[in-house]
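Understanding the architecture of this molecule
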Amino acid sequence: MGQSAEFDAIVVGAGPAGATAAYHLAKRGFNVLLVERGRGAGSKQVFGGRIYAEPLREVFDDLDKAPIHRWVRRERFTILDGDRELTLDFRAGASTSFTAYLTQFTQWIAQKAVDAGAVLADEVRVDGLWLDGGRVRGIVAGPDRVAARVVIVAEGVNRLLLERAGFVHRASPRELALGVKEVIKLDKKTIEERFGLEEGEGLAWVLLGEVTDFIPGGAFVYTNRDTLSVGLVVHLGGAYQLLRDQVHVLAERLRTHPRLSRFFEGGDIMEYSAHMTIEDSVGYMPEHFAYDGMVIVGDAAGLLLNTGLTIRGVDYAAYSGYLAAKGVERALSEGDASAEALRRHYEVPLRESFIYRDLMRHRGASYAMKNPRMFREYPRVALDTLEEIYTLGRETPLPHEALARALSRNRVGFAEFALRMLKVVMSL
Amino acid sequence: MSQAQEPPRRKLLRIDDLLQRNVYDVDQRPHIILHAEKCEECEYKPCLRACPAECYVEVGGRVIFSYEGCLECGTCRVVCPHDAVEWDYPVSGRGVYYRFS
Amino acid sequence: MSLEMMVGIKWVPNTQNVRFDPKTGTLIREGVPSIVNPADLDAVELALKVKDTYGGRVRVITMAPPSAVKGIEHVIGMGVDAGVLVTDRVFAGADTLATSYVLSQAIKKLGLPDLLFFGQETIDSSTAHIPAQVASWLDLPYVYYVDRVEEVNREEGYAVVRRKLEDRYEWVRVELPAVIAAALKSQVPRPVRLSEKLRFHRDKPLQTLTNKDLGLDPRCVGLRGSPTIVAKVTWMPEVPRKRQVFKGDAREAARWLVKKLAEEGILVREDGRWRVRVA
Ligand SMILES: Cc1cc2nc3c(=O)[nH]c(=O)nc-3n(C[C@H](O)[C@H](O)[C@H](O)COP(=O)(O)OP(=O)(O)OC[C@H]3O[C@@H](n4cnc5c(N)ncnc54)[C@H](O)[C@@H]3O)c2cc1C
Ligand SMILES: Cc1cc2nc3c(=O)[nH]c(=O)nc-3n(C[C@H](O)[C@H](O)[C@H](O)COP(=O)(O)OP(=O)(O)OC[C@H]3O[C@@H](n4cnc5c(N)ncnc54)[C@H](O)[C@@H]3O)c2cc1C
Ligand code: SF4
C-alpha cells in the first residue's frame, strides 16, 4: 500500500547518531529521510549530562553554537557509606567536555539536517525493516513501506527493529543498565556557590556505594546552566535479586541523602526521566556494522564506553553517524549498497577509529566493573582503610596493616583484591 | 565520640509526584500490553521494582499494569523472565515528551 | 462536486498535566510544548470517518501564530487533505467573539463547506463558545455532542447525526451546510502515517490567510474586537487527597469503595439504587 517515494537513504531514529548521519548525507546532496517516533527530534532523549567535544569538532564545524550549558572543569568522585565519605576532587587545566540537555543538543543536530535538506518525518514509529531476501530495502511503518538505497539504523539501545529482523540477539538484562534522572532547577549563582564553581564552569560528579544501595552502577550529578542533572544507573543483570526498592526510591534517596541534600535544597524538580544504557558494549555489538542495504550506528551498534568514572555515548553516536554518512556516500557513488561495499566504506573505518579501539581496550575493565563486589566490598575496603589510617586511638597502624584489616573485615582476600585492581589498571 | 548532627532526611516524593513533573500526551490506546496470566508463575517479578515509573503494581497477588506514566525506557521488556510484556513505543509522537533531559 | 468538510483546530499549550508554582500561584510553563487541542482530534477523526464513507475533502483551519503549522502537519499526518492558517498580528489577543468572527469570515472567504466540525472545548480556555459563535456568524444550524455521523446526503442537502447525551442518544436531521461539535473523547484519533507525513513534506498543502486577504475592520478583530474583560483569575484551593488503600478481592473492594463514597456523601441511595449526588 501507499508507497513509491524512493530515498537515497532512510535514517531510523533522530538521536545524535541518526541526526548526524542525516545531516552529513543531506549536506553532500543526498535525498535523505529521517524518521523519528518522537514529536520533533530530541523529545525522547535521556542521558546523564556530559558530552565530550573533541570528536565532535570534526563532525560539526560550528560546535560552539550548540546548546552548551557549562564546560566541565571539575571532576568529583565519591564513595559513600553511612556517614563515611571518600571524595576525590579534581580541577582540570583545560576542559574537553560540556554539560547539556540531550533533548536540546539532538534538536540542534536535527535542525542542521533539516536545513541541509533532509526530510524529517517525526511522530512516526517505524515498525520494521523491509526485508527482501536478506537485503534491507526500506522500512515499514504501519501500513506504509518506503524504499531506500540504504537504511541507517540509529534506533538507540532498545533495538526493537534489529531484534525483530533477526540481526541481533534478544537483549539480555546482563548487557544493560537502567538510568533514572531528576532535573532540579536552581539559579545559576546558587549552583556556582554550592559547588565552588567559577562562572560558566561545570562539574561532573560520580558517586558510588550507599547511593545505589550497593547495587552495581553509580550515581551522578552534573551542573547545567541553571539546573542540576541528578540520577543513577543500575545494572539490570541480577537486578531482581539485588534491587530491594523501586528504582525511583533510589533516585529520591539520592536527592534527599543527608550528605547530599544541601546541594539540591530548594530546587524544584522539573523533570523525571529514564532510559536504558549499555553495560557490556562488546557483547552488545552486532556481528557486523553493515549488511546488505543497511548500516548500524550509535547505541544500536553497541558503541558506548562506561568506565565507571566516565561515560561516552553521545560523541560516539554522532561520530559513528558521521563515519556512516561518509561510508554511505562512497558506496552510493560506486552504485553499490551491498554488505561488502558498506563494510569496506563504513565498518572498516569504524573498526579503525578511536571508538572501536577504545571499546576493545576497555573490554577487560568493563568485566571487572560488572563484579558486584566492585560496588559493595571494594568501596568499603577503601573507606575502612582510610578509617584505620585517620581515626586513631593509641595505635597508629602501618598502611599495609590498615589495608589488611580492611580487607579481612570485608572478607576480601588480598590476592583477589590485588588481582582485581591489577586487572583494572592493566586494562586501562 | 562526638559527631556532627546529621540533618534530618527529607521526605521522598511519591512516584505520582515525580511523574507529574513531566509532559505527556497519552494515547488512548496502550502501547504496552501485559499478559498478566504469565505473571502468576513468576518468582521475582522484577518489573515491580525495576520499572522507574511504577507502572507495575501487585494487588492481591496479581500484577496490574498501567501505561499512562510510562517513561518508554524499555526495561520491563528486558527484565521480564516470562515474555509477558508485549512492548512497543507509542505512535503519533504520543507518550512522554522530555524537555530538560 | 464532492463533499467539502472543514475542521477548526486550536494550537494550545499542553497543559494536561502542568503544575502550579505554589509560591506564585501561576502555571509552570517552561518548555511546555504546544499540541493540537485534544478535543479537536475527535472532530478531525469524525470528519475523516465521513470521508472514509463518502469521499470528499477534509481541510483544517486554525487561527493561530505560524508555529501552529506543526499542528496542521500532525492532522495532515492523520489523513487531512490540507490546512489553512489564519494569522496576523492584528488578530492577537482575541477573545472568543473576535476569534469566531475572524474564523467565520475566513471560512466564508474559502467557501462554505458542507460540514464544519469543531471540538467540544479547549484545554486552555474551555469556553465551548467558538462552534456556536461561528454557526451564529454564518447563520448555520449547529449540533453539538455529536459522536457519530450516520448519514450525509449532499443531493438532498441533509445529514443525520447522533448526539451522545448523558443517559441517551439523540438522532438529529440537520440541513447542510451545518456546524457540528464532536463529543469530547467520543473518537479514537487514528495514528499519524508515514505516507501522509511524506505528502505533507512533498506537497506542502498549506494556505495562509492574513488580514490582507480578509480585509476585516481592525476594530472587530484581535484585542480591539474583544469585549471580554477578565476581571480576576483565582485558583481553586487544592483539596488534599485522602489516599486510602484497600487490599482484598475486587468484589470486596467495590463494596468498600461504595461505602466510603457514601460516607463522603458523594453517592446517595435513591429508589434502591446508588446515584452520584448532584450538587
Ligand atoms: C542514564 C544515562 C546516562 C548517560 N550519560 C551519558 C553521558 O553523560 N555522556 C554521554 O556521552 N552519553 C551518555 N549516555 C549515553 C547516550 O545517551 C547514548 O549513547 C546516546 O544517546 C546514543 O545515541 P543514539 O543516537 O545512538 O540513540 P538515542 O539517543 O537513543 O536515539 C535513538 C532515537 O531513535 C528513535 N527511535 C527508536 N526507535 C524508533 C522507531 N522504531 N521508529 C522511529 N524512531 C525510533 C528514538 O525516539 C530516539 O530519538 C547516557 C545514557 C543513559 C541512559
Ligand atoms: C481577553 C482575552 C484575551 C485573549 N487573548 C488570547 C490570545 O492572545 N491568544 C489566544 O490564543 N487566545 C486568547 N484568548 C482566548 C481566546 O479567546 C479563545 O479562548 C479561543 O480562541 C477560543 O476559545 P476557547 O479556547 O474557549 O475555545 P472553545 O470555544 O472552547 O473551543 C471549541 C472548539 O472551537 C475550535 N476553536 C477554538 N479556537 C480556535 C481557533 N483559534 N482556530 C480554529 N478553531 C478554534 C476548536 O475546534 C475547539 O475545540 C483570549 C481570551 C480573552 C477573554
Ligand atoms: S518501558 Fe520503562 S517506564 Fe515504561 S512500563 Fe516498561 S519499565 Fe516502566
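Quick look at the structure, then. Just so it is clear, the model here is predicted, and its values are computed rather than measured.

As for the site of ligand 3
Taken together, 13 residues are adjacent to ligand 3, and C51(B), C70(B), L71(B), C73(B) and C76(B) come closest. Here the residues of the shell around ligand 3 sort into 10 nonpolar, 2 polar and 1 charged.

Describing the packing of helix 1 (residues 16-27) of chain A against helix 10 (residues 314-333) of chain A
Residue and element names in this part refer to chain A. The contact between helix 1 and helix 10 brings their axes to 7 Å, and the two run at 35 degrees. Here helix 1 and helix 10 pass one another in a crossing that is right-handed. Contacts from P16, A17, T20, A21, H24 and L25 in helix 1 reach V314, A317, A318, G321, Y322, A325, V328 and E329 in helix 10. For the contact of helix 1 with helix 10, the per-class residue count stands at 10 nonpolar, 3 polar and 1 charged.

Here's the deal with the sheet that holds strand 8 (residues 158-164) of chain C
The strands making up a sheet are joined through hydrogen bonds of the backbone, oriented either antiparallel or parallel. All names here are of chain C. Read from one edge to the other, the open sheet built from 9 strands follows the order 9-8-7-10-6-1-4-5-11, with strand pairing classed as mixed. A single partner strand is all that each edge strand has here, and the edge strands are strand 9 (169-175) and strand 11 (206-209). Each neighbouring strand pair of the sheet contributes to a mean axis angle of 30 degrees, computed without reference to strand direction. Summarising the sheet, strand 1 (residues 4-8) and strand 4 (residues 57-63) pair through 5 bridges and their orientation is parallel. Following the sheet pairing, E4 is matched in strand 4 by R57. Here helix 2 (residues 69-78) sits on the sheet in contact with strand 4, strand 5 (82-86) and strand 11, set at roughly 160 degrees to strand 5.

Overview of the pattern of salt bridges
Counted by the stated rule, this structure contains 71 salt bridges over all chains. Residue R84(A) pairs with D384(A) through a salt bridge whose shortest N-O separation is 2.5 Å. With R84(A) in strand 5 (residues 84-91) and D384(A) in helix 14 (residues 377-390), this residue pair connects regions lying 300 residues apart in the sequence. When its relative accessible area of 18% is taken as the criterion, R84(A) is described as buried. Residue classification places D384(A) among the buried residues on the basis of a relative accessible area of 4%. Taking the shortest distance from any N to any O, the salt bridge between D144(A) and R193(C) comes out at 2.4 Å. Here R193(C) lies in the loop between strand 10 (178-182) and helix 5 (194-203) and D144(A) lies in strand 10 (residues 144-153), a pairing that spans two chains. The buried category is assigned to D144(A), whose relative accessible area is 0%. For R193(C), a relative accessible area of 21% puts it in the partly exposed group. Each of R39(A), D122(A), E123(A), D25(B), D27(B), R29(B), R94(B), K70(C), E73(C) and K197(C) takes part in one network of salt bridges that share partners.

So, the site of ligand 1
Taken together, 35 residues sit near ligand 1, with E36(A), Q45(A), G48(A), R50(A) and D299(A) positioned nearest. Taken together, the residues near ligand 1 originate from chains A and B. In the model, an oxygen atom of ligand 1 is placed 3.0 Å from a nitrogen or oxygen of the R37(A) side chain. Within the contact set of ligand 1, a nitrogen atom lies 2.7 Å away from a backbone nitrogen or oxygen of G48(A). Relative to its free-state accessible area of 1,000 Å², ligand 1 is covered by the protein chains to the extent of 98%. Elements supplying a minimum of two residues to the shell around ligand 1: helix 1, strand 15 (268-278), strand 19 (311-312) and helix 10 of chain A.

Calculation criteria
Residues numbered from 1 in each chain as written. Chains lettered and ligands numbered in written order. Predicted model: local features only at pLDDT ≥ 70, side-chain atom pairs only at ≥ 80, totals over all residues. Heavy atoms only, no water. Near = heavy atom within 4 Å. Nonpolar A, V, L, I, M, F, W, Y, C, P; charged D, E, K, R; others polar. Axes fitted to C-alpha atoms, helices over the stretch in contact; angles between N-to-C directions. Helix = DSSP H or I, 4+ residues; strand = E, 2+ residues; numbered from the N terminus. Left-handed = near helix turned anticlockwise from the far one by under 90°. Contact = heavy atoms within 4.5 Å. Pairing = 2+ DSSP bridges. Salt bridge = Lys/Arg side-chain N within 4 Å of Asp/Glu carboxyl O. Buried < 20%, exposed > 50% of the residue type's maximum accessible area, 1.4 Å probe, protein only. Polar contact = N/O pair within 3.5 Å; in protein donor to acceptor, adjacent residues only side chain to side chain. Areas by Shrake-Rupley, 256 points an atom, 1.4 Å probe, with all protein chains shown as cover.

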